[in-house]
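For reference, the chains in residue letters:
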Protein chains: 2
Amino acid sequence: MSIAEDILGGDRLALARLLTQVENDTPVGRAALNDLFPHTGQAHLIGITGSPGTGKSSLVNHLARTLRQQYPDRRVAIVAVDPSSPFTGGALLCDRVRMRDLAGDSGVFIRSMAARGALGGLAHSTASAVQVLDAAGFEVILIETVGAGQSEVDIARLAHTTIVVEAPGLGDDIQAIKAGILEIADILVVNKADRAGAENTERALRAMLELAHPGHKGSDEQAWMPRVLRTVASQGEGIEALVSVIFEHADYLKRSAGWQKRERERIHNNLVNLLQSTLVARWQQQMPPERYDNILQRLYRREISPYQAVDYLINLED
Amino acid sequence: MSIAEDILGGDRLALARLLTQVENDTPVGRAALNDLFPHTGQAHLIGITGSPGTGKSSLVNHLARTLRQQYPDRRVAIVAVDPSSPFTGGALLCDRVRMRDLAGDSGVFIRSMAARGALGGLAHSTASAVQVLDAAGFEVILIETVGAGQSEVDIARLAHTTIVVEAPGLGDDIQAIKAGILEIADILVVNKADRAGAENTERALRAMLELAHPGHKGSDEQAWMPRVLRTVASQGEGIEALVSVIFEHADYLKRSAGWQKRERERIHNNLVNLLQSTLVARWQQQMPPERYDNILQRLYRREISPYQAVDYLINLED
């Protein structure tokens, strides 16, 4: 039986092994992805993002548990992406905490991904891992990233529904960040809402939403006005309301053709990413190393500029 | 007179204009960078990074002011990189606050960069902006990023000296992040050190440093043990001590050949980044759009996988 057949048949050990192959971008991983790709497109992909200190991981754990309780027939996968750990195995620690919270539920599968090496590598390997889990039959896939910045944008490109998590009292310059994040959020969660300042945080978010989506009060059937919800994930408060809004957003997307639009954008971004890395790999194969080194040395001595170096390298002249 | 000559002659208006050309990657910008590149390599590049809420921007402002007071003959440039604002002009707001703090000092030049579009784009345009400022004769260039994650790693690749800013009370899961960040930090700053918990934050950082650099107490002349400093940037406290340690680190790098090593890594990374985008652009030029669309449609229908699509696109077969 092929790996793909094992995955489609629900073999969890084969799934874990294939995810490692996929993360390492091996030929075995690529071949299995080719076989599995026709079986993708069924899962609801939910991205969860926010700054450190907002309690994202706890929220994701409670969300998974509540989803499982309310819909026992739907399986949930968690992909925890940690772009800030390029060097160390920080993601593993996070895994162990997770395991404790969700242990014993065979309808939940948890996977951590750490950034490795090149730019774009993490976005690509996360997209591939999500494809495997989608084909494996997980109806809901929660994709969590730590950190603020480009990673949020990449998540928004990967998910049907993007949840941005905030918390009270994370300082003033967080305001500068929100402007960009608000434009990718479908749902905004003020977590740790039992802390002082939760009302201010919620008010600030609503004010910024109003600025970002002017004249749009949620009464319009055509467009989705991002929702603001309060949760206390550590106590499990507000999670059921969050689940309702998540499914409301999925219904909205399916009704408005937004679902297919996001699917296509995601597939297209994945293709562009893969195309870039393949073009570079092919170019490297035909480049004589000594020629590359020679041009690099001239660049180090500042005899040529980076643009001139690229010209020499690609046109094979000097 | 060419743009490069204007820049080398100290024309600030020409400098501001060229930075816009460079950010938009225009032919004029590229030509000027070719002319300016031989004049680069003089500046001390200092990266400052940390999570939202740590007071980074205030720290950078005070650092610039203190540097100018202590060394009036050295000019300081600030490049504020905001990877979280891909859509909106958040960086501009930050600029105006800056202008107020440092207005009137012609030895300070401030520039904000916002992420635009593709992955790697910001790293590339920031590297180019830094080259222009280096050639323009700024002895110290402070490169500040908002956010946690890949952006920190990119900064570490761009700077001689990397400063990671923390603050007390930013939550628990920040610990998970620190493991990765610690490996890029040359100097760790606990800002807002007048707040409750500053001692705990400092102790935690020192404990993690000890883990990351075991048996290494700073007595060894050969290696740099990252320093931990406390500041209250809003009051200007601790900034002079920070300036001393920054120059100590520069001396260490020059003594140990680390300076040249970091220069070369930075130049090499810049080359690889530029090579990737150039290869993709060349490929796009020779690709018939209707062929691309055809393969994309087959991918959308899941008749082929992303890897198969890339094969078809690059090998020009179906």
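What counts, and where the lines are drawn
Residues numbered from 1 in each chain as written. Chains lettered and ligands numbered in written order. Predicted model: local features only at pLDDT ≥ 70, side-chain atom pairs only at ≥ 80, totals over all residues. Heavy atoms only, no water. Helix = DSSP H or I, 4+ residues; strand = E, 2+ residues; numbered from the N terminus. Buried < 20%, exposed > 50% of the residue type's maximum accessible area, 1.4 Å probe, protein only. Contact = heavy atoms within 4.5 Å. Areas by Shrake-Rupley, 256 points an atom, 1.4 Å probe, with all protein chains shown as cover. Expected span 1.5 Å × (residues − 1). Phe/Tyr/Trp six-rings, centres within 6.5 Å; stacked < 30°, edge-to-face > 60°. Lys NZ or Arg CZ within 6 Å of the ring centre and 35° of its normal. Polar contact = N/O pair within 3.5 Å; in protein donor to acceptor, adjacent residues only side chain to side chain. pLDDT = per-residue confidence, 0-100. Axes fitted to C-alpha atoms, helices over the stretch in contact; angles between N-to-C directions. Parallel < 35°, antiparallel > 145°, perpendicular 65-115°, else oblique. Left-handed = near helix turned anticlockwise from the far one by under 90°. Salt bridge = Lys/Arg side-chain N within 4 Å of Asp/Glu carboxyl O. Nonpolar A, V, L, I, M, F, W, Y, C, P; charged D, E, K, R; others polar. Pairing = 2+ DSSP bridges.

K.L.:
Would you mind going over the overall build of chain A with me for this structure?
P.N.:
If you tally the helices and strands in chain A, you get 13 helices and seven strands. By the burial criterion, 56% of the 318 residues in chain A qualify as buried. Excluding contacts between residues fewer than 6 apart, the proportion of contacts in chain A whose partners are at least 24 apart in sequence is 75%. A total accessible area of about 13300 Å² is found for chain A, and carbon and sulfur atoms account for 50% of it.

K.L.:
So what exactly am I meant to see when it comes to helix α4 (residues 56-70) of chain A here?
P.N.:
Residues spaced three or four apart along an α-helix point in a common direction, a consequence of the helix completing one turn every 3.6 residues. An ideal rise of 1.5 Å per residue puts 21 Å on 15 residues; α4 of chain A measures up with 21 Å between its terminal C-alpha atoms. Listed as buried for α4 of chain A are Lys56, Leu59, Val60, Asn61, His62, Leu63, Ala64, Thr66, Leu67 and Arg68 of chain A.

K.L.:
Explain the packing of aromatic side chains here, please?
P.N.:
The description of an aromatic ring pair uses the distance of the two centres, along with the angle that the planes make with each other. Tallied over the full model, the rule gives eight aromatic pairs over all chains. For the ring pair Phe109 of chain A and Phe138 of chain A, a centre distance of 6.0 Å and an interplane angle of 50° mean the geometry is tilted. Of this pair, Phe109 of chain A sits in strand β3 (residues 108-114) while Phe138 of chain A sits in the loop between α6 (121-135) and β4 (140-145), and the two are 29 residues apart along the sequence. Taking the centre distance of 6.3 Å and the plane angle of 65° together, the rings of Trp283 of chain B and Tyr292 of chain B count as edge-to-face. For the cation-ring pair, Arg227 of chain A lies above Trp224 of chain A, with the distance from its terminal atom to the ring centre recorded as 4.8 Å. One residue, Arg74 of chain B, lies across the ring of Tyr71 of chain B, its end atom 4.5 Å from the ring centre.

K.L.:
Whenever I open this one, the side chain of Thr40 of chain B confuses me. Can you help?
P.N.:
Among the structural elements, Thr40 of chain B can be located in the loop between α3 (27-36) and β1 (44-50). Overall, Thr40 of chain B belongs to the buried group, its relative accessible area being 4%. Here Arg302 of chain A takes part through its side chain, which lies 2.7 Å from a polar atom of the side chain of Thr40 of chain B. Side-chain polar atoms of Thr40 of chain B contact the backbone oxygen of Phe37 of chain B, separated by 2.7 Å. When residues no more than four places from it in sequence are discounted, the contact partners of Thr40 of chain B are Arg302 of chain A together with Gln131, Asp134 and Ala135 of chain B.

K.L.:
I tried to follow the confidence of the model for chain A on my own but got confused; where do I start?
P.N.:
For any part of a model where pLDDT is low, the fine detail of the predicted coordinates should not be relied upon. Residues and elements named next belong to chain A. For chain A, the average pLDDT comes to 83, and 79% of its residues sit at 70 or higher. When the criterion is pLDDT under 50, residues 85-93 qualifies, and its contacts beyond four places in sequence or with other chains add up to 17 contacts. Of the regions scoring below 50 in pLDDT, residues 172-176 engages in eleven contacts with residues more than four places distant in sequence or in other chains. For this predicted complex, the interface score ipTM comes out at 0.83, while the overall pTM is 0.73.

K.L.:
Even after reading the chapter, I still don't get the packing of helix α12 (residues 289-300) of chain A against helix α11 (residues 258-286) of chain B, so can you show me in this structure?
P.N.:
Axes are the key here: two packed helices are described by the angle between their axes and the distance separating the axes. As a packed pair, α12 of chain A and α11 of chain B sit with axes 10 Å apart at the nearest point and diverge in direction by 120°. Classified by the angle their axes make, α12 of chain A and α11 of chain B are oblique. As for the relative orientation of α12 of chain A and α11 of chain B, their crossing is right-handed in sense. Facing α12 of chain A, whose interface residues are Tyr292, Leu296, Gln297, Leu299 and Tyr300 of chain A, α11 of chain B presents Arg264, Ile267, His268, Leu271, Val272 and Leu275 of chain B.

K.L.:
Is there a simple way to explain unusual backbone geometry in this structure?
P.N.:
One non-glycine residue, Arg302 of chain A, lies in the positive phi region at around 60°. Position of Arg302 of chain A relative to the elements: it lies in the loop between α12 and α13 (306-315). Backbone geometry at Asp25 of chain B places phi at a positive 55°, although glycine is not the residue there. Locating Asp25 of chain B in the fold gives a position in the loop between α2 (12-23) and α3.

K.L.:
Is there a simple way to think about the pattern of salt bridges in this case?
P.N.:
Where charged atoms from two side chains of opposite charge approach closely, those side chains can pair. All names here are of chain A. Within the structure shown, the criterion is met by 28 salt bridges over all chains. Notably, a salt bridge pairs Asp25 with Arg30, separated by 2.9 Å at the nearest N-O pair. In this structure, Asp186 engages Arg262 in a salt bridge whose closest nitrogen and oxygen atoms are separated by 2.9 Å. Of this pair, Asp186 sits in the loop between α8 (174-182) and β6 (187-190) while Arg262 sits in helix α11 (residues 258-286), and the two are 76 residues apart along the sequence. Here the salt bridges do not stand alone but share partners, grouping Glu202, Arg206 and Arg230 into one network.

K.L.:
Sorry, what's going on with the environment of Ala114 of chain A here?
P.N.:
Residues and elements named next belong to chain A. Inspection of the secondary structure assignment puts Ala114 in strand β3. Residue Ala114 is classed as buried on the basis of its relative accessible area, which comes to 15%. C-alpha of Ala114 to C-alpha of Val22: the two residues are 92 residues apart in sequence and 13 Å apart in space.

K.L.:
It is not clear to me how the packing of α11 of chain A against α11 of chain B should be interpreted in this structure. Could you clarify?
P.N.:
Put simply, α11 of chain A and α11 of chain B touch, their axes get as near as 9 Å, and they point 100° apart. The orientation of α11 of chain A with respect to α11 of chain B, classified from their angle, is roughly perpendicular. Of the residues in α11 of chain B, those touching α11 of chain A at Leu275, Gln276, Leu279, Val280 and Trp283 of chain A are Leu275, Gln276, Leu279, Val280 and Trp283 of chain B. When its residues are assigned to classes, the contact of α11 of chain A with α11 of chain B shows eight nonpolar, two polar and no charged.

K.L.:
I tried to follow the pairing of strand β6 (residues 187-190) of chain B on my own but got confused; where do I start?
P.N.:
A regular strand places its side chains so that they alternate between the two faces of the sheet. Residue and element names in this part refer to chain B. Residues Ile187 and Val189 of β6 are buried on one face, and the alternating residues Leu188 and Val190, pointing to the opposite face, are buried as well. Note that β6 and strand β7 (residues 227-230) share four bridges and pair parallel. Paired with Val190 across the strands is Arg230, a residue of β7.

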